[in-house]
Structures are given as C-alpha cells and as structure tokens.
Amino acid sequence: MDDLRLPLTEHLAELRRRIVVILGVWAVGAAACWRFRDAIFGALLRPALDALGPGGGQLQAIAPTEIFFTYLKCSLLAGFVVTIPIFFWQVWGFVAPGLYDREKRLALPFVLASTLLFVGGASFGYIVVFPVMFAFFTGFESEFVRSAWTMREVFGFTTRLFLAFGISFELPVVVFFLASAGIVTAGQLLRGTPYAVLGIFILAATLTPPDWVSQIFLGVPMVALYLLGVGVAWVFGDRRRASETAEQAVGPPAG
C-alpha cells in the first residue's frame, strides 16, 4: 500500500476527475449510438415484441415527446454498455492506491472480469428471463382485454431488469474488494451463507416483477456468484495476510 496518505481534498479532486472522464466517454458513446437508435431499441425490446404476437407486435406512443426521449434514454443505455470497460478502469484507478503491490497488478483482470460479469448477467436476463417473463404477462390476455403496451413503460421496465441482472452479477467483484480491504474474511462469508441467501432472494424479489420465475432466475445465479466470491475472498485473503506477514517480518527501515 502507499506509504503516504493523500489529504481528503486530493481524494475528492481525484474522484471528480475520474467522474468527469466517465461522463465524457459515456456522452461520446451515447452520441455514437444515437445513429443506431432504431436497431438498438428493436433488439433490446425484441422479447417484449415477440410476446405481443406472432412475428412481433408494436408498441404505442401516447405522448408527443415519448418517442424522442425514449430513444434518447436508449442511446444513453447503449453508450454506457459499450464504454463500461472504461468505467471499470476508472474505478480501479481510484481504489488502486489503497491496495498492495501484488493486488495492483490485477488491473486488467479486474476490468476484464467486471465487464464479462456485467455483460454475462445482462445477457442471461435478456436471453433466458425476458422471454419467459413477457410471455407470463401476456398470458393474462382474454377476449375482453388485449395488451397495448407503451414504448416508454416497456423500455423502462426492460432497462431496470437489464441493469439489475448486469449489476447483480458483479457480486464476486464486490466480495473481492471487501476481502482486499480486510472488511470480511472467507470464514465470515461462509458462516453467513444462510443469511446471504435470504438477503439475495429478498433483493431478487425487489428487483424483479411479482412472478416467481424471474425471481428464481436472478436469485439462483446470485447465490452461485456469492459462493464464487467466498472462493475469491479465500484466495486473496490468504495473499493479503501473507503480504502483511512479510512486511512485519522485514520491519521498518533503519533510521
């Protein structure tokens, strides 16, 4: 770890600089995605459109500004996804000064793993969960009621779940930082597994619609990722303890 502690003002200045970089890159990515807004919107909402009818249904726009602002939000979402490696790189750059030299060398694996976990979680939700979920909701149609969903509501609903699955799959990364900071150990995480499982399914019920299918599809992978996080904590906790032991054995330099 760095021997010198930076003043709070310098930490805040560093944080502000990295936030500016993230927002600037995000804006560029969103502007680039605006040109392909129709294709991105259609691809993102394909599970919902397919559930509305054979060959895909159509969504409704019931406000004059609904189409424009929904496409704008779609471009922002796409811009975030395509620039997410830079986001994680900036996060690592901010927290790296508090890590040991051995851990600082994990920058590229961290960015790669975080990006793949987010994309994997969002893809899992999109490919596996969304078709089942939208089919569940259209299953309540009858001769008296037909689904006529608005693009704003469907896009907002899809985006929340898309981000929920992507962020939830970052659980091993969160555990890595907790273990690296010495806040938790593998033993503590393992003993707390029953409480973690309960909390995970409560979170899954909060983030997903009131259908058990999507809740199970989000909760079960998160439990598996939590157990993976326990393994990560075990490996890096041992390495941190070894580093601390080595530093204590060497002792402070002679004056």
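Heads up: the structure comes first, above all this text.
The structure reproduced in this document is the subject of the present report. (Residues numbered from 1 in each chain as written. Predicted model: local features only at pLDDT ≥ 70, side-chain atom pairs only at ≥ 80, totals over all residues. Heavy atoms only, no water.)

## Quick word on the overall build of the protein chain
On a plain count of helices and strands, the protein chain comes out with twelve helices and zero strands. Listing the helices and strands of the protein chain from first to last along the sequence gives α-α-α-α-α-α-α-α-α-α-α-α. Counting all 255 residues of the protein chain, 39% fall into the buried class. If you sum the accessible surface of the protein chain, you get close to 14700 Å²; carbon and sulfur atoms cover 70% of it. (Helix = DSSP H or I, 4+ residues; strand = E, 2+ residues; numbered from the N terminus. Buried < 20%, exposed > 50% of the residue type's maximum accessible area, 1.4 Å probe, protein only. Areas by Shrake-Rupley, 256 points an atom, 1.4 Å probe, with all protein chains shown as cover.)

## Points about the side chain of E66
For E66, the location among the structural elements is in helix α4 (residues 66-82). Comment: no salt bridge for buried E66; closest opposite-charge side chain is R152, at 4.5 Å. Contacts of E66, omitting those with residues within four sequence positions, involve Q60, A61, T150, M151 and R152. (Lys, Arg positive; Asp, Glu negative; His and termini not counted. Salt bridge = Lys/Arg side-chain N within 4 Å of Asp/Glu carboxyl O. Contact = heavy atoms within 4.5 Å.)

## Observations concerning the pattern of salt bridges
Summed over all chains, the structure comprises three salt bridges. The partner of R18 in a salt bridge is E14, with the nearest N and O atoms 2.6 Å apart. One end of the pair is R18 and the other is E14, both in helix α1 (residues 8-34) and four residues apart, which spans about a single turn. With a closest N to O distance of 3.4 Å, R46 and D50 form a salt bridge. With a gap of four residues between them, R46 and D50 both fall in helix α3 (residues 46-52), about one helical turn apart. Residue classification places R46 among the partly exposed positions, given a relative accessible area of 35%. Members of the salt-bridge network, linked through shared partners, are E14, R17 and R18.

## What about the environment of V154?
Structurally, the position occupied by V154 is in helix α8 (residues 151-168). For the pair V154 and L45, spaced 109 residues apart in the sequence, the C-alpha separation amounts to 7.7 Å. With residues up to four places along the chain from it excluded, the contact list for V154 reads L45, A48, L59 and W149.

## Notes on the packing of aromatic side chains
One pass over the structure, following the stated rule, counts 20 aromatic pairs. With a centroid separation of 6.0 Å and an interplanar angle of 70°, the aromatic rings of F134 and F157 are classed as edge-to-face. Of this pair, F134 sits in helix α7 (residues 107-138) while F157 sits in helix α8, and the two are 23 residues apart along the sequence. The exposure class of F134 is buried, given its relative accessible area of 3%. Through a chain of ring-to-ring contacts, three or more aromatic side chains come together here, namely Y126, F130, F134, F136, F137, F140, W149 and F157. Against the face of W34 rests R37, its NZ or CZ located 4.4 Å from the ring centre. (Phe/Tyr/Trp six-rings, centres within 6.5 Å; stacked < 30°, edge-to-face > 60°. Lys NZ or Arg CZ within 6 Å of the ring centre and 35° of its normal.)

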